[in-house]
Amino acid sequence: MIELINISKSYPTGELYNDLNLRVNQGNKIGLVGRNGTGKSTLFKLILGEEPQDTGEIKFPKAYRIGALKQYFDFTEKKLIDETALALNEDDKYDIYKAEKMLFGLGFSEEDLEKDPKSFSGGYQIRINLAKLLLTEPNMLLLDEPTNYLDILSIRWLKAFLKSFQGEVILITHDREFMDSVCTHTLGIIRRSAFMVQGGTRKFYEQILANEEHHEKQKIAQEKKIKDLEEFIAKNKARAATATLAQSKVKILEKMEILEDIDYDANLNFDFNYKDTAAKFLLEVEDLSFGYTSDNILFKNINFALSKGETIGIIGKNGKGKSTLLNTIAKELEALSGNVKYHPSCEYGHFGQTNISHLNKDNTIMDEIYSVNHKLPEAVIRSICGLMMFSGDNAKKKISLLSGGEKSRVMLGKIIAQDVNLLFLDEPTNHLDIDSIDALTTAIKAFEGSCMIVTHSEELLRAVCDRLIIFTNDGADYFNGTYDEFLEKGGWDDGQDEPKKKAVKPKRNKKEIRKLRSIIVAEKSKATKPLKLEIEEIEALEGVEKQKKQARLAELQNELEKLNAEFEKRMDEV
């Protein structure tokens, strides 16, 4: 259990908290919500001791361990498995299988274990940090947007892991479905103070709304009472017979604690401007293929037609080519082969990570909105800035001063400034808070045109997508159905939805356990080494010789997987 008592924290730009109080009890898993800029990440820094609070006290139990997910990388080992194993405690330092199991759960392969951790992409390096954090077995986990760089399969694994985690968790995430499935409580930083309810985000916001409605009713009643008192005092203070009574009313008025007006947060609320079209199909994709080299084909021979009013979701593991497909269709990249045919009346807006990097850091927000439609008058541009929560002088902020979430809102503003009938959206929910994601989801559902979305958000997939393009290890396939229909027909087949319940193990001391596991590790190495060597020999072949060996390669890989599973089971039984 940890406790925050009367915490206040200010910066030169303003006050974040004023007498904030919070108690985290044993087993609590808390989802932390609040608009961007309300101090969610700062609260983590205070708990970790990375920043001091201005006033107040933070209490921890003795020997209580808190672990936080690092967003920076400091890898010292040359192999992924060795780097991850550094996080094992002294008693477990020889139990390398624990590190392997954690890495496999987060989407790494057997081959990845021998690679240099610095050779992985930023998203996978975040996963390495996550694996190391989870291996330290802390009492409490502080997770700030842990799903931002994870694909759907890894998100599902992490969800199952956190559900079974025995300690406490405080979680910041824009993924409402993920938060609600994991957390027992929802905590919000509302008007510089903390408010917590047992239950999910919807219950939290319903309670906030009810509290605000009650406050407004109390304020109206108080204002009426004040008016009545002031009228009574004005009429009776000059009359000798009632002057004493009037004076008592003055004292009542002076002692009254005046209820303040509620300082409501600005809300993102918008619609995409639809350009009318008579087209039945806005685009047709024929035999589309892309690869950076002839040996590295990300997808091939993709065929589909996008109907007016239809939304297609593009899903799959990271690094398989989802964003590349969207960028190829949007003419950001040139296809290796195949065609993308647009209807002559098609006008599209493109939101993507590459587009965000193209924002001119020296421009103001207004400049960026104006750059996509020079016909718009200043009043309309300011209106769009206001919709994106950049009102008044904030609309003149330079892009270089904006956070990731603010830049995302600028990109949405640029699309709103155009008349379009097709939207390309690449991870549009990254960096947006829950309220902004709700507004975006509503706007997509209301849009009369068509849409293609790359997303790892299962909630967004369920809300807006009619069809899917699914990337697997074998390329990409068009699926004529919704996300739930995809799951019903086999889905990911990841086997990671829920951690399996462990069988009761015989009691052994730590020395005996280490000895038995060392024997199993040696047996595993002896059994798998010849298979790995033969696999390496086949993979080193080229051309026709390699093709002849494909069946043998598949057989070896299948046998290796079975052996790994068998030895992992034996490890769990020790």
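Since the structure is predicted, the reported quantities are computational estimates derived from the model, not experimental observations. (Residues numbered from 1 in each chain as written. Predicted model: local features only at pLDDT ≥ 70, side-chain atom pairs only at ≥ 80, totals over all residues. Heavy atoms only, no water.)

1. Some remarks on the overall build of the chain
Counting its regular elements, the chain contains 19 helices and 18 strands. In terms of overall dimensions, the chain has C-alpha extents of about 110 × 75 × 45 Å along its principal axes. For the chain, the residues scored as buried account for 46% of the 574 residues in total. Look at the contacts in the chain between residues 6 or more apart in sequence, and 69% of them connect residues 24 or more apart. Entry remark: accessible area of the chain is about 30,000 Å², with carbon and sulfur atoms responsible for 48%. (Helix = DSSP H or I, 4+ residues; strand = E, 2+ residues; numbered from the N terminus. Buried < 20%, exposed > 50% of the residue type's maximum accessible area, 1.4 Å probe, protein only. Contact = heavy atoms within 4.5 Å. Areas by Shrake-Rupley, 256 points an atom, 1.4 Å probe, with all protein chains shown as cover.)

2. So, the packing of aromatic side chains
Aromatic rings in a pair are described by how distant their centres are and how their planes are angled relative to each other. Summed over all chains, the structure comprises 16 aromatic pairs. Note on phenylalanine 108 and phenylalanine 120: the rings are 5.3 Å apart at their centroids and 90° apart in plane angle, and the pair reads as edge-to-face. Of the two residues, phenylalanine 108 sits in the loop between helix H3 (96-105) and helix H4 (122-135) while phenylalanine 120 sits in the loop between H3 and H4, which places them twelve residues apart along the sequence. Side by side, phenylalanine 108 and phenylalanine 120 carry an identical accessibility label, which is buried. (Phe/Tyr/Trp six-rings, centres within 6.5 Å; stacked < 30°, edge-to-face > 60°.)

3. Considerations on the sheet that holds strand E11 (residues 296-307)
Across the sheet, three strands lie side by side as E11-E10-E13; this open sheet has antiparallel pairing. For this open sheet the edge positions go to E11 and strand E13 (337-342), each flanked by a neighbour on one side alone. Ignoring strand direction, the axes of neighbouring strands in this sheet form an average angle of 15°. By the bridge criterion, five bridges tie strand E10 (residues 281-293) to E13 in an arrangement that is antiparallel. Residue pairing for E13: glutamate 286 is matched across the bridge by asparagine 339. (Pairing = 2+ DSSP bridges. Axes fitted to C-alpha atoms, helices over the stretch in contact; angles between N-to-C directions.)

4. Remarks on the pairing of E11
Pairing of E10 with E11 involves eight bridges; the strand directions are antiparallel. Note that in E11 the partner of glycine 291 across the bridge is isoleucine 297. A loop of two residues connects E10 with E11, the two strands running antiparallel in sequence.

5. Comments concerning the environment of cysteine 183
By the secondary structure assignment, cysteine 183 is in the loop between helix H6 (176-182) and strand E8 (185-190). Exposure remark for cysteine 183: the relative accessible area of 11% places this residue in the buried category. In this structure cysteine 183 touches Lys29, Ile30, Gly31 and Leu171, once residues within four positions along its chain are discounted.

6. A look at the side chain of serine 345
For serine 345, the location among the structural elements is in the loop between E13 and strand E14 (348-351). Ignoring anything within four residues of it in the chain, the contact list for serine 345 reads Lys275, Thr277, Ala279 and Asn421.

7. Some thoughts on the nonpolar core
Counting 48 residues, the largest nonpolar core has Phe272, Ile315 and Leu468 as the members making the most contacts within it. The element best represented in this core is helix H13 (residues 404-416), accounting for five residues. Leaving out residues up to four positions away in the same chain, isoleucine 315 has contacts with Ile152, Lys322, Thr455, Leu461, Leu468, Ile469, Ile470, Phe471, Tyr483, Phe486 and Trp492. Of all hydrophobic cores here, the second largest spans 43 residues; its members include Ala87, Leu134, Leu158 and Ile208. (Core = buried A, V, L, I, M, F, W, Y, C linked by side-chain atoms within 4.5 Å.)

8. Considering the confidence of the model for the chain
Taken residue by residue, the chain gives an average pLDDT of 84. The fraction at 70 or more is 91%. Every residue in residues 495-506 is under pLDDT 50, and counting partners more than four places away or in other chains gives 19 contacts. (pLDDT = per-residue confidence, 0-100.)

9. Brief notes about the sheet that holds strand E18 (residues 475-479)
Strands sit in the order E14-E15-E16-E12-E17-E18 across an open sheet of six strands; the sheet is mixed. Looking at the sheet topology across the chains shown, the edges are occupied by E14 and E18. Adjacent strand axes in the sheet meet at a mean angle of 15°, parallel and antiparallel pairs treated alike. Two strands pair when backbone bridges link them, and strand E12 (residues 311-316) and strand E16 (residues 450-454) are joined in this way by four bridges, in the parallel orientation. Its bridge partner lying in E16, glycine 313 is registered against isoleucine 453. The sheet contacts of H13 involve E14 and strand E15 (422-426), and relative to E14 the element is tilted by about 175°.

10. Details of the pattern of salt bridges
Once their charged atoms are close, side chains differing in charge can pair, the charge on each being opposite to the other. Counted by the stated rule, this structure contains 25 salt bridges. Between glutamate 378 and arginine 382 there is a salt bridge, with its nearest N and O atoms 3.4 Å apart. Of this pair, glutamate 378 and arginine 382 both sit in helix H12 (residues 378-387), four residues apart, which is roughly one turn of that helix. Salt bridges linked by common partners bring Arg156, Lys159, Glu177 and Glu458 together as one network. (Salt bridge = Lys/Arg side-chain N within 4 Å of Asp/Glu carboxyl O.)

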